[in-house]
Amino acid sequence: MQQVKRAFKYRFYPTGEQAAELSRTFGCVRLVYNKALEERTRAWYGEQRRISYVQSSAVLTAWKKTEELAFLAEVSSVPLQQALRHLQTAFGNFFAQRAKYPRFKSRKKSRASAEYTRSAFTWRLGRLTLAKMAEPLDIRWSRPLPEGTEPTTVTVSRDAAGRWFVSLLCQDTIAPAPATTHAVGLDAGITSLVTLSTGEKVANPRHERRDGARLARAQRELSRKAKGSANREKARRKVARVHARIADRRRDVLHKLSTRLVRENQTVVIEDLSVRNLLKNGTLARAISDASWTQLRVMLEYKCAWYGRELVVIDRFFPSSKLCGNCGTVRGKLPLNVREWTCVCGAVHDRDVNAARNILAAGLAASACGDGVRPQRESSRTGRSSVKQEPQRATAGIPRL
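Before going into details, it helps to say that this report is about the structure given with it. This one's a predicted model, so the numbers in the text were calculated from it and none came from an experiment.

Rules used throughout
Residues numbered from 1 in each chain as written. Predicted model: local features only at pLDDT ≥ 70, side-chain atom pairs only at ≥ 80, totals over all residues. Heavy atoms only, no water. Buried < 20%, exposed > 50% of the residue type's maximum accessible area, 1.4 Å probe, protein only. Helix = DSSP H or I, 4+ residues; strand = E, 2+ residues; numbered from the N terminus. Pairing = 2+ DSSP bridges. Phe/Tyr/Trp six-rings, centres within 6.5 Å; stacked < 30°, edge-to-face > 60°. 1 Å grid on protein atoms, 1.4 Å probe; cavity = no way out; pocket = protein on both sides within 12 Å on 5 of 7 lines; lining within 4 Å. Points joined across faces, edges and corners; volume = space filled by probe spheres on them. Nonpolar A, V, L, I, M, F, W, Y, C, P; charged D, E, K, R; others polar. Axes fitted to C-alpha atoms, helices over the stretch in contact; angles between N-to-C directions. Contact = heavy atoms within 4.5 Å. Left-handed = near helix turned anticlockwise from the far one by under 90°. Core = buried A, V, L, I, M, F, W, Y, C linked by side-chain atoms within 4.5 Å. Expected span 1.5 Å × (residues − 1). Parallel < 35°, antiparallel > 145°, perpendicular 65-115°, else oblique.

**Some points on the pairing of strand S9 (residues 192-196)**
For S9, the tally of buried residues reaches five of five residues, placing the bulk of the element in the interior. Pairing analysis gives three bridges linking strand S8 (residues 183-188) to S9, with the strands arranged antiparallel. Considered in S9, the bridge of Asp 187 is made with Thr 195. As defined by bridge partners, S9 adjoins strand S10 (residues 201-203) across three bridges and the pair is classed as antiparallel. Residue pairing for S10: Val 194 is matched across the bridge by Val 202. Linkage of S9 to S10, two consecutive antiparallel strands, is achieved through a turn of four residues, within which Gly 199 is found at a positive phi near 100°.

See below:
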């Protein structure tokens, strides 16, 4: 058994007063974050001076006393303080070289959210009431919270489609999954979402392609609306709802797949793909984004940690597709349109199944010796990309990585 902090997300439907209060809070949170970032940037580049969270909090108090920013006192102070803490964390990651310099929050592009700590909400008999509100939120409890626990932090958000969500952070007890001797290797792709070392190919739902006609129609309607009009806002929401539908269905498929893999296998082996670099391929970028390999890897990482499984990540330069699993010969070239190939030893390989089996073998070997798989990299003079061992150029047939 292990204790973990786990977020439970639910949809809720606010009243008119609650929606107005939350919208004001979102705007104030964004304003405080941007003004604090501006002050820190000016102090650093102008005076070579760092501003701490305590100093930013004191400045926030001074802002509330000015006539121009007196409206900041009308909303709960806790989400504003949390915005300053998030900015402090962003700068900590920047100075530790874990992230880029913090950016300003855009009204149109940034996520509208506010975070409430325990002093800013009331939890009573399974009902949640936020600060500055007289009534509890109308939450749709799609699943129960862990028995005997109460939320420690509440995050309220509104997506681009106008849907309201509340995320409750609770302490949860997770039991490890029953031990098993099974292990599986995964080869990520586009034609098939993943190919398993068992020979199974998980079909790629291609959610964006399936809803492509609906999305294109909604975007055409949006382009014909006058800027700033109410009809344009309605059309924008319609486009956002299509995007939300695609994202929700994709996330649902990845959750089910990752949960199944973690439950059935003690060891899961994947490749360390550089998705950011792969997206530079204009021909395949849209299909790669729709497959969402990074999201699948994140799910596998935390689920393996929760349930006592081992996730092994092998080096991205390991020639999984070109390596013969029978004799160990590495083929020189293997274009993307070649889905089956014959080795000099006479073995006939399905490209993806062979890659998954080689990934599994390399991962088990790396796990046994406690080291990663890092073979010799090919020389840059060959003209190949340093991102993946296979050329990214699309040829005949359906391209697949």
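From this point, things continue past the structure.
**Things to note about the packing of aromatic side chains**
The final tally for this structure, using the stated rule, is 12 aromatic pairs. Here the aromatic rings of Tyr 302 and Trp 306 are separated by 4.9 Å at their centres, their planes lie at 65°, and the arrangement is edge-to-face. Note that Tyr 302 and Trp 306 are positioned in helix H9 (residues 293-306) at a spacing of four residues, about one turn of the helix. Using a relative accessible area of 29% as the deciding quantity, one classes Tyr 302 as partly exposed.

**Focus: empty space enclosed by the protein**
All told, the structure shown has two cavities of 30 Å³ or more when counted by the stated rule. One number sums up the size of the largest cavity: a volume of about 70 Å³. Lining the largest cavity are Arg 40, Trp 44, Arg 49, Arg 50, Ile 51, Phe 91, Phe 95 and Tyr 101. For the lining of the largest cavity, the secondary structure elements donating two or more residues are helix H1 (16-47) and helix H3 (77-95). Considered as a void within the structure, the second largest cavity measures approximately 40 Å³ in volume. Leu 193, Asn 204, Pro 205, His 207, Arg 250, Val 253, Leu 254, Asp 290 and Ala 291 together form the lining of the second largest cavity. Per element, the largest residue contribution to the lining of the second largest cavity is three residues, and it comes from helix H6 (residues 230-264). In terms of residue class, the lining of the second largest cavity is built from five nonpolar, two polar and two charged.

**Considering the sheet that holds S9**
Read across the open sheet, the five strands follow the order S10-S9-S8-S11-S12; overall the sheet is mixed. Bordering the open sheet on either side are S10 and strand S12 (310-314), each of which pairs with just one other strand. The sheet shows a mean angle of 25° between the axes of neighbouring strands, direction not considered. Each of S8, S9, S10, strand S11 (267-271) and S12 is contacted by helix H10 (residues 351-369), which is oriented at about 130° to S8, the strand it contacts most.

**Overview of the packing of helix H2 (residues 53-64) against H3**
As a packed pair, H2 and H3 sit with axes 10 Å apart at the nearest point and diverge in direction by 145°. In this structure, H2 crosses over H3, and the sense of that crossing is right-handed. Contact with H2, carried on its side by Tyr 53, Ser 56, Ser 57, Leu 60 and Lys 64, involves Ser 77, Leu 80, Gln 81, Leu 84, Arg 85 and Gln 88 of H3 and no other residues of that element. Of the residues that constitute the contact of H2 with H3, the class distribution is four nonpolar, five polar and two charged.

**Considering the nonpolar core**
One broad trend across soluble globular proteins is that nonpolar side chains are buried collectively. One finds Leu 128, Leu 130 and Val 156 to be the most contacted residues of the largest nonpolar core, which totals 42 residues. Among the elements that make up this core, the one with the highest residue count is H1 (nine residues). Apart from the residues lying within four places of it in its own chain, the contact partners of Leu 130 are Leu 22, Tyr 116, Ala 120, Phe 121, Leu 137, Val 154 and Val 156. Counting residues in each nonpolar core, the second largest holds 26 residues, with Val 268, Ala 291, Leu 300 and Leu 336 among its members.

**A word on H1**
Note that an α-helix has 3.6 residues per turn; residues three or four places apart therefore point the same way. The terminal C-alpha atoms of H1 lie 46 Å apart, and with 32 residues this matches the ideal 46 Å at 1.5 Å per residue to within 8%. A positive backbone phi angle near 55° is found at Gln 48, which sits one or two residues after H1.

**With respect to the packing of H1 against H3**
It is the contact of H1 with H3, at a shortest axis distance of 9 Å, that shows an interaxial angle of 40°. Relative to H3, the element H1 is oriented oblique. Both H1 and H3 take part in a crossing whose hand is right-handed. Residues Thr 25, Cys 28, Val 29, Val 32, Tyr 33, Ala 36, Leu 37 and Arg 40 of H1 lie in contact with H3, whose contacting residues are Pro 79, Leu 80, Ala 83, Leu 84, His 86, Leu 87, Gln 88, Ala 90 and Phe 91. Class assignment for the residues of the contact of H1 with H3 results in 13 nonpolar, three polar and one charged.

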